[in-house]
Amino acid sequence: MRALIVEDEPTSALLSRHVLEQEGFVVDQAVTGQAAIALVLATDYDAIILDLGLPDTNGLAVMEAIRREGRTTPVLILTGTHDAETTVRALDAGADDYLRKPPVPEELSARVRAIVRRATRQRAEQLVCGNVVLDRLSRQLFVNGTEVSLTSKELPLLEHLLLNRDQVITRTELLERVWDMHFDPGSNVVDVNVARIRRKLSAARADIVISARRGVGFVLQLEQAPTGASQA
Ligand code: CA
């Protein structure tokens with residue numbers, strides 16, 4: 001695993017380097033935005049820690065350039081300011097997370113692990129949850145080794161929920177991801193498709209559940225064994 005630190009302050013760079021090396025990364029450092037962009041284009045990094053206050057440019061410009069070039073490397077922003085607007089702009093520009101300076105080393109470690117884990121999950125060819133396996137290359141769903149047929153909308157819907165298991169995903173996000181357009185928020189197309197997926201999963205005895213969060217969206221979770229079953 002290789003990581004890039006974009007940082008002009010030696011103390012902060014040293015702290016980030018120490019944390020990343022402890023996490024097993026080989027670490028490169030850029031002290032300017034220009035150098036950072038050049039390195040990102042030339043190297044396949046697994047994580048980037050990006051300072052916003054750089055000598056030649058704002059870290060936000062670096063963030064935007066990275067995503068404009070189609071690089072999906074997870075980026076954690078370090079910000080010296082306590083200004084919410086900057087943080088929001090960084091997240092909108094495609095940053096995966098942010099921390100205020102100076103970060104607590106243990107928290108920096110945990111955040112880096114989390115963004116890398118999320119990115120790995122995004123790249124995974126197979127999404128596995130309990131006895132459910134979604135093969136992203138062949139676009140097939142298996143429950144207990146048996147294929148379950150899904151429609152061209154049901155499959156990406158389930159895929160997005162599996163990618164974000166245990167997190168509540170809004171109807172709007174599902175509409176944008178799966179239907180690639182903005183529907184009338186009153187539309188029940190998501191609910192109808194989720195209901196169909198649920199019926200198919202239940203018929204195949206899948207051990208995952210998709211629950212509705214009233215007025216918000218849906219969450220996919222591994223089914224909990226009924227309490228007391230182990231004593232039976
Ligand atoms: Ca700085």
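Here we summarise the structure given alongside this text.

Conventions adopted
- Numbering of residues starts from 1 in every chain and runs along the sequence as written.
- Since the coordinates come from a predicted model, pLDDT governs what is reported: local features require at least 70, and pairs of side-chain atoms require 80 or more to be given and counted, while whole-chain, interface and lining totals use all residues.
- Just so you know, side-chain values use all the structure's heavy atoms and leave hydrogens and water out.
- Put simply, DSSP H or I for four residues or longer makes a helix, DSSP E for two residues or longer makes a strand, and each gets a number counted from the N terminus.
- Here a polar contact means two N or O atoms within 3.5 Å. Within protein one must be a hydrogen donor candidate and the other an acceptor candidate, and residues neighboring in sequence count only if both atoms are side-chain atoms.
- Only protein atoms enter the 1 Å grid used here. Points where a 1.4 Å probe fits but cannot escape make up a cavity, open sets with protein on both sides within 12 Å along at least five of seven lines make up a pocket, and a residue lines them when an atom lies within 4 Å of a point.
- Grid points are joined across faces, edges and corners, and a volume is the space filled by probe spheres set on the points.
- Gly falls in the polar group here, along with every residue not listed as nonpolar (Ala, Val, Leu, Ile, Met, Phe, Trp, Tyr, Cys, Pro) or charged (Asp, Glu, Lys, Arg).
- The split into domains, and so the bounds of each, comes from an automatic or database assignment of domains.
- Any residue under 20% of the maximum accessible area for its type is buried, any over 50% is exposed, and the rest in between are partly exposed; the area is computed with a 1.4 Å probe on protein chains only.
- We call two residues contacting when some pair of their heavy atoms lies within 4.5 Å.
- Geometry is summarised by axes, namely lines fitted to C-alpha atoms with helices restricted to the contacting stretch, and by angles between N-to-C directions that run from 0 to 180 degrees.
- Any angle that falls under 35 degrees is termed roughly parallel, while one over 145 is termed roughly antiparallel, one within 65 to 115 roughly perpendicular, and all others oblique.
- By convention the crossing between two helices is left-handed if the near helix lies anticlockwise of the far one by an angle smaller than a right angle, and right-handed if it lies clockwise.
- Only nitrogen, oxygen and sulfur atoms qualify as donors, provided they sit within 2.8 Å of the metal or within 3.2 Å for Na, K and Ca; with water excluded from the atoms, sites may seem incomplete.
- By definition, a salt bridge exists where a carboxyl oxygen of Asp or Glu is found within 4 Å of a side-chain nitrogen of Lys or Arg.
- Take the buried Ala, Val, Leu, Ile, Met, Phe, Trp, Tyr and Cys residues and link them wherever side-chain atoms come within 4.5 Å; each set so joined is a nonpolar core.
- Strand pairing is assigned whenever DSSP detects at least two bridges linking the two strands.

1. Some words on the side chain of Glu159
Next, step 1: With respect to the element layout, Glu159 can be found in helix α6 (residues 154–163).
Next, step 2: At 3.0 Å, the side chain of Glu159 and the side chain of Arg139 are in polar contact.

2. Considering the layout of surface pockets
Next, step 1: Approximately 610 Å³ is the volume found for the largest pocket.
Next, step 2: What lines the largest pocket is a set of 24 residues, among which Thr72, Asp96, Arg118, Ala119 and Gln122 lie closest to the centre.
Next, step 3: Elements with a minimum of two residues in the lining of the largest pocket: α5 (105–123), α6 and α7 (171–178).
Next, step 4: Looking at the lining of the largest pocket element by element, the count peaks at 7 residues for α5.
Next, step 5: When its residues are assigned to classes, the lining of the largest pocket shows 7 nonpolar, 7 polar and 10 charged.
Next, step 6: There are two domains that each give the lining of the largest pocket at least three residues, and those are domain 1 (2–123) and domain 2 (126–222).

3. Focus on the side chain of Ser16
Next, step 1: Looking at the secondary structure, you find Ser16 in helix α1 (residues 10–22).
Next, step 2: The class of Ser16 is buried, set by a relative accessible area of 1%.
Next, step 3: Filtering out sequence-adjacent residues up to four positions away, Ser16 remains in contact with Ile5, Ile49, Leu78 and Leu108.

4. A word on the packing of α1 against α5
The geometry of a pair of packed helices is captured by two quantities: the angle between their axes and the separation between those axes.
Next, step 1: The geometry of α1 relative to α5 is characterised by a closest axis approach of 10 Å and an angle of 55 degrees between their N-to-C directions. As the angle between them shows, α1 and α5 are arranged oblique. The interaxial crossing formed by α1 with α5 has right-handed handedness. Between α1 and α5, the contacting residues are Leu15, Ser16, Val19 and Leu20 on the first element and Pro105, Leu108, Ser109 and Val112 on the second.
Next, step 2: Residue composition of the contact of α1 with α5, grouped by class: 6 nonpolar, 2 polar and no charged.

5. Points about the coordination of the calcium ion
Next, step 1: Within the protein, the atoms that donate to the calcium ion are Asp8 (OD), Glu9 (OE), Asp51 (OD) and Gly53 (O), at distances of 2.2 to 2.3 Å.
Next, step 2: Positions of the donor residues of the calcium ion along the chain correspond to the pattern D-E-x41-D-x1-G. Taken as a pair, Asp8 in the loop between β1 (2–6) and α1 and Gly53 in the loop between β3 (47–51) and α3 (59–68) lie far apart in primary sequence, 45 residues in all.

6. What about the pattern of salt bridges?
Next, step 1: In the structure shown here, the tally under the stated rule is 15 salt bridges.
Next, step 2: A salt bridge links Glu159 to Arg139, with the shortest nitrogen-to-oxygen separation between them at 3.0 Å. A residue pair is termed long-range when its members are at least 10 positions apart, and Glu159 in helix α6 and Arg139 in the loop between β7 (132–135) and β8 (140–143) qualify at 20 residues.
Next, step 3: Looking at Arg139, the relative accessible area reads 38%, which means it is partly exposed.
Next, step 4: Close ionic contact of Lys200 with Glu154 constitutes a salt bridge, the shortest N to O distance being 2.7 Å. Highlighted residues: Lys200 in helix α8 (residues 189–203) and Glu154 in helix α6, separated in sequence by 46 residues.
Next, step 5: Salt bridges linked by common partners bring Glu7, Glu9, Asp51 and Lys101 together as one network.

7. Focus on the nonpolar core
Next, step 1: Counting 29 residues, the largest nonpolar core has Leu158, Leu201, Ile208 and Ile210 as its most contacted members.
Next, step 2: Going through the elements one at a time, β6 (126–129), β7, β8, α6, α7, α8, β11 (208–213) and β12 (217–222) are the ones with two or more residues in this core.
Next, step 3: The greatest single-element share of this core, amounting to 6 residues, is contributed by α6.
Next, step 4: Those residues in contact with Leu201, other than ones at most four positions away along the chain, are Leu141, Val143, Leu158, Ala206, Ile208 and Ile210.

8. Here we look at the pairing of β6
Within a regular beta strand, the side chains point alternately toward one face of the sheet and then the other, so they alternate between its two faces.
Next, step 1: Only one face of β6 is buried: it carries Leu127 and Cys129, and the other face, with Gln126 and Val128, is open.
Next, step 2: Pairing of β6 with β7, which is carried by 4 bridges, proceeds in the antiparallel orientation. Within the sheet, the bridge partner assigned to Cys129 lies in β7 and is Val132.
Next, step 3: Here β6 folds back onto β7, and the loop between the two strands holds 2 residues, one of which, Gly130, carries a positive phi near 60 degrees.

Everything listed is a geometric property; what it means functionally is a separate question.
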